[in-house]
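Chain by chain, the residues:
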Amino acid sequence: RPLVGNLIGEDHVNYVLMYNMLTGIRIAVSRCQAKIRRELTDEDFTACHKYSFDIVGNELTPSAKYDFKFKDYSPWVFRDLREDYFHLDPADYLLSLTAKYILSELGSPGKSGSFFYFSRDYRFIIKTIHHSEHKFLRSILKKYYEHVKHNPHTLLSRFYGLHRVKLPHGRKIHFVIMNNLFPAHKDIHETYDLKGSTVGREYPEDKASKNPRAVLKDLNWINRGKTLELGPEKRALLTEQLRRDSELLKQLHVMDYSLLVGIHNMERGNRDNVRSNTLKVFSPEMPLIRRKHTQSKGASSPDAIAMRRIMRESDPQKLGVAVQLPDSDTGERQHFLFYQDDGGLRATNERNGDLDVIYYLGVIDILTPYTSFKKVEHFWKGLQADRHKISPVPPFEYGERFFSFMKAIMRGGEGGARFKAE
Ligand code: ATP
Ligand code: CA
Ligand code: CA
């Protein structure tokens, strides 16, 4: 799926939906934001605030261009997540999402039927989700929240909001707002969506050479002999975080998630300008991740010192919380261990010295519980191929395989070949 969107103007088929989504967010989020902060209660996790929009308007909602209903789920929980754990500035968040009613739509819907929309500045993604995913997120919200709280550097998708639009004829559209892992100001030269499953997990190589934006898969990674080039420090940190994240996913009984890996080659730089068309429309406030001191990354850089400190802290519960970073930067990514180097994680050699590659990593598509549907798929796919190498395996096995695959593909690991189906 290409990572460049088509702009949604007034003539676009989804313009009304887009307008309604953004109007709803603007009103609901600012309403919650205007109140004084308070401690969360258990009810906040199941709360749902309802709004009804029409052309006339009322005391709760201003007049809108169209009639529609809007639901804001667990507004207080997401507010806490955004402000305390995801380090978003409230005004900034709303502005990025709703300043102008223009978003871009990402390619055509995938297998799942979800649509993806980028905010104009490219920082946020709105993903429409299936009703079952919506229900599932609500049911695990408390656990997700606790995980994020104890794992400030989690690689899991950062959910900033969960909402629903209902159109006058009754159609309901559920959606989440999440972080775009890829930065607006850097070309991504290769993209991989890795699951640790190898059956059918290949993007045709002949097509890949013609399409730099292709999302490649596990078999492309293995056959190209790729490795995540990380020195001992970053390797240990990333492994530990992935271990914790996949533990949670096992516990939540989900599967089908992947590690999304975007690779930026610094020597190639941004000359391919893969997203130039989008960028033109999205300027002037383009690059949001501003790092002033990205060059000076020796062993004594603040990041390296912070990382070594974490490595010394033997209590793994403390992973990450010990990091104190300079506040001189703006942009939320500076707060996250794995998104600090120009919004990503810079490759390093065995002496932890910088290499000219930046990785943009995250665990995405984490809302698929192992339902009866998947069980059936597991059964049928398993008749044709190795039951343990196909993508739909039970959550425990999925999580174990996912984590061992990610360890295997890091430098010093055994490589991914063992995961290949014979
Ligand atoms: P399916 O269930 O068929 O895998 P889906 O509709 O649930 O598809 P995802 O797996 O969530 O979609 O994402 C599809 C693709 O969109 C990813 O492979 C990636 O290229 C892009 N994408 C998804 N989430 C993000 C994100 N947070 N940042 C950047 N790109 C993303
Ligand atoms: Ca997916
Ligand atoms: Ca999915």
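Residues numbered from 1 in each chain as written. Chains lettered and ligands numbered in written order. Predicted model: local features only at pLDDT ≥ 70, side-chain atom pairs only at ≥ 80, totals over all residues. Heavy atoms only, no water.

Engineer: Where do I start with a nonpolar patch on the surface in this structure?
Structural biologist: On the surface, Phe379, Trp380 and Leu383 cluster together into a nonpolar patch covering about 340 Å² of accessible area. For phenylalanine 379, the position within the fold is in helix 10 (residues 372–384). When its relative accessible area of 42% is taken as the criterion, phenylalanine 379 is described as partly exposed. (Patch = residues over 30% accessible without salt bridge, like charges linked within 9 Å, V, L, I, M, F, W, Y side chains within 5 Å. Areas by Shrake-Rupley, 256 points an atom, 1.4 Å probe, with all protein chains shown as cover. Salt bridge = Lys/Arg side-chain N within 4 Å of Asp/Glu carboxyl O. Helix = DSSP H or I, 4+ residues; strand = E, 2+ residues; numbered from the N terminus. Buried < 20%, exposed > 50% of the residue type's maximum accessible area, 1.4 Å probe, protein only.)

Engineer: Please explain the site of ligand 1 as it appears in this structure.
Structural biologist: Around ligand 1 sit 16 residues, and of these Ser112, Lys127, Asn179, Asp193 and Asp365 come closest. Within the side chain of asparagine 180, an N or O atom sits 3.4 Å from a nitrogen atom of ligand 1. In isolation ligand 1 has 620 Å² of accessible area, and contact with the protein removes 91% of it. Elements that contribute at least two residues to the shell around ligand 1 include exactly strand 6 (124–129) and strand 8 (172–179). Residue composition of the shell around ligand 1, grouped by class: seven nonpolar, four polar and five charged. The two domains that each donate at least three residues to the shell around ligand 1 are domain 1 (5–179) and domain 2 (190–419). (Near = heavy atom within 4 Å. Polar contact = N/O pair within 3.5 Å; in protein donor to acceptor, adjacent residues only side chain to side chain. Nonpolar A, V, L, I, M, F, W, Y, C, P; charged D, E, K, R; others polar. Domains from an automatic or database assignment.)

Engineer: What is the right way to read the coordination of the calcium ion (ligand 3) from this model?
Structural biologist: A metal bound by six donors in octahedral fashion has ideal angles of 90 or 180 degrees, whereas one bound by four tetrahedral donors has an ideal angle of 109.5 degrees. Protein-derived coordination of the calcium ion (ligand 3) comes from Asp365 (OD) and Asp365 (OD), at a distance range of 2.5 Å. Between the calcium ion (ligand 3) and the calcium ion (ligand 2) the interatomic distance amounts to 4.3 Å, and aspartate 365 serves as a bridging ligand to the pair. In this fold, aspartate 365 is placed in the loop between strand 13 (354–364) and helix 10. (Donors = N, O, S within 2.8 Å, 3.2 Å for Na, K, Ca; no water.)

Engineer: Just to check I follow, could you spell out the pattern of salt bridges for this structure?
Structural biologist: In a structure, side chains of opposite charge can pair up when their charged atoms sit close to one another. Tallying each qualifying case throughout the model produces 28 salt bridges. The shortest N-O distance in the salt bridge between aspartate 365 and lysine 127 comes to 3.2 Å. Of the two residues, aspartate 365 sits in the loop between strand 13 and helix 10 while lysine 127 sits in strand 6, which places them 238 residues apart along the sequence. Glutamate 350 is the partner of arginine 411 in a salt bridge, and the nearest nitrogen-oxygen pair spans 2.5 Å. With arginine 411 in the segment after helix 11 (395–408) and glutamate 350 in the loop between strand 12 (345–348) and strand 13, the pair connects residues that are 61 residues apart, well separated along the chain. Judged by its relative accessible area of 18%, arginine 411 is buried. The exposure class assigned to glutamate 350 is partly exposed, which follows from its relative accessible area of 40%. Salt bridges sharing partners connect three or more residues here, namely Arg37, Arg79, Asp80, Glu83 and Asp84.

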